[in-house]
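# Per-entry structural report
For reference, the chains in residue letters:
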Amino acid sequence: MEDGVRKIVTYVEDVKVEGQRAVPGTFRLFAAAAVIQNPWAGRGFVEDLKPAIHQVAPKLGALLTQQMVALAGSGEAIEAYGKAAVVGTSGELEHASALIHTLRFGNHFRKAVGAKSYLSFTNTRGGPNCPVVIPLMDKIDEGRRSHYLTVQFSIPDAPAPDEIVVALGGSIGGRPHHRIGDRYQDLKELGATDNA
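The following refers to the structure shown. Since this is a predicted model, take the numbers as computed values, not measurements. Every chain's residues receive numbers from 1 upward, in the order its sequence appears when written. The model is predicted, so local features are restricted to residues of pLDDT at least 70 and side-chain atom pairs to those at 80 or more, both for listing and for counting; the totals for chains, interfaces and linings are taken over all residues. Computation of side-chain values covers all heavy atoms of the structure but excludes hydrogens and water.

### Topic: the overall build of the protein
Selection rule: We count a stretch as a helix when DSSP gives it H or I for four or more residues in a row; a strand needs E for two or more, and each element gets its number in order from the N terminus. Based on C-alpha atoms, the radius of gyration is set beside the globule rule, defined as 2.2 Å times the residue count to the power 0.38. Exposure classes here rest on a 1.4 Å probe applied to the protein chains alone. A residue is buried below 20% of its type maximum, exposed above 50%, and partly exposed in between. The Shrake-Rupley method, run with a 1.4 Å probe sphere, supplies the accessible areas, and residue values consider only the shown protein chains as cover. His is not counted here, nor are the chain ends, while Lys and Arg score as positive and Asp and Glu score as negative. A single reference atom marks each charge: NZ on Lys, CZ on Arg, CG on Asp, CD on Glu.
Of the regular secondary structure elements, the protein holds four helices and nine strands. Going from N to C terminus, the protein has its helices and strands arranged as β-β-β-β-α-β-α-α-β-β-β-β-α. Relative to the 2.2 N^0.38 estimate, which gives 16 Å for 196 residues, the radius of gyration of the protein is 18 Å and therefore close to what a compact globule would have. Considered along the principal axes of its C-alpha atoms, the protein spans approximately 55 × 40 × 25 Å. Within the span of the protein, comprising 196 residues, buried residues form 46% of the whole. Approximately 10000 Å² of the protein is accessible, and the part contributed by carbon and sulfur atoms is 50%. Taking the average place of the 21 positive charges on the side chains of the protein and the average place of its 21 negative ones, the gap between the two points comes to 4 Å.

### Side note on the packing of helix 1 (residues 50-72) against helix 3 (residues 103-113)
Defined as follows: Geometry is summarised by axes, namely lines fitted to C-alpha atoms with helices restricted to the contacting stretch, and by angles between N-to-C directions that run from 0 to 180 degrees. Here the angle decides the label: under 35 degrees means roughly parallel, over 145 means roughly antiparallel, 65 to 115 means roughly perpendicular, and every other value means oblique. In this scheme the crossing of two helices becomes right-handed for a clockwise turn of the near helix relative to the far one and left-handed for an anticlockwise turn of less than a right angle. It only takes one pair of heavy atoms within 4.5 Å for two residues to be counted as in contact. In this classification, the charged set is Asp, Glu, Lys and Arg, the nonpolar set is Ala, Val, Leu, Ile, Met, Phe, Trp, Tyr, Cys and Pro, and all remaining amino acids, among them Gly, are polar.
Here helix 1 crosses helix 3 at 25°, and the two axes come no closer than 7 Å. Between helix 1 and helix 3, the interaxial angle falls into the category roughly parallel. Like other packed secondary-structure pairs, helix 1 and helix 3 cross with a definite hand, here right-handed. Along its contact with helix 1, which presents His54, Ala57, Pro58, Leu60, Gly61, Ala62, Leu64, Thr65, Met68 and Val69, the element helix 3 presents Arg104, Phe105, His108, Phe109 and Ala112. In terms of residue class, the contact of helix 1 with helix 3 is made up of ten nonpolar, four polar and one charged.

### As for the packing of aromatic side chains
Stated formally: Aromatic pairing here means that ring centres of Phe, Tyr or Trp (its six-membered ring) are within 6.5 Å. Orientation follows from the plane angle: under 30 degrees is stacked, over 60 is edge-to-face, and everything else is tilted.
A full pass over the atoms with the stated rule returns two aromatic pairs. Centroid distance Tyr11 to Phe153: 5.5 Å. Interplanar angle 15°. Geometry classified as stacked. Of this pair, Tyr11 sits in strand 1 (residues 5-14) while Phe153 sits in strand 8 (residues 149-154), and the two are 142 residues apart along the sequence. The partly exposed category is assigned to Tyr11, whose relative accessible area is 23%.

### Here's the deal with the pattern of salt bridges
In plain terms, the rule: We define a salt bridge as a contact between a side-chain nitrogen of Lys or Arg and a carboxyl oxygen of Asp or Glu at a distance within 4 Å.
One pass over the full model with this rule turns up six salt bridges. The partner of Arg28 in a salt bridge is Asp14, and the shortest N-O contact between them spans 2.6 Å. A residue pair is termed long-range when its members are at least 10 positions apart, and Arg28 in strand 4 (residues 28-37) and Asp14 in strand 1 qualify at 14 residues. Through salt bridges with shared partners, one network takes in Arg6, Lys7, Asp157 and Glu163.

### Observations concerning helix 3
For the record, the criterion: Note: the arc covers the axis-to-C-beta directions of the helix.
Of all the residues in helix 3, the buried ones are Phe105, Gly106, Phe109, Arg110 and Val113. Projected down its long axis, helix 3 carries its buried residues within an arc of 115°, all on one side. Turned more than 90 degrees off the buried face of helix 3, the exposed positions are Leu103 and Lys111. Count one or two residues on from helix 3 and you reach Gly114, which has phi positive near 70°.

Right, here's the structure in full:
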């Protein structure tokens, strides 16, 4: 995808020590973001967002998934995943949502990592250097709390008022030294019979 993309930004955090203890193995948080021209900018209230969604979202999904797989070394290596969009101040929250809440975007990432879980997400409005916050969860098991993580970074010059930042996030490994159990232990202790 060339048209509308101003730049691609990647973020990588390799954690070596957590809680004053060495991290066993690999714990990497990472993200890939595209800074794009808002396809609805300057058009007033657009009733039908689908034409631009169908044109832009699949290309973004493929582009960012390729970046994420490169950062991880393989799709299989990615254990937790999520997505986010930040629309600039001249755009609508619906514009941020439109590009990431479609299977045309997310299925590229799901397929590449072999996921079963839904993609956790944020969609917000902000200006240059605002936080891009991507919540993560285990790609297979939503109840695996060790992989409830957050990738956060910012881009000094994005989004401009007429731009959208669209991002994918992931992890290799879960929180080091996690010790809060998982939702299944809670359910058993509470005598619950479902996952409510």
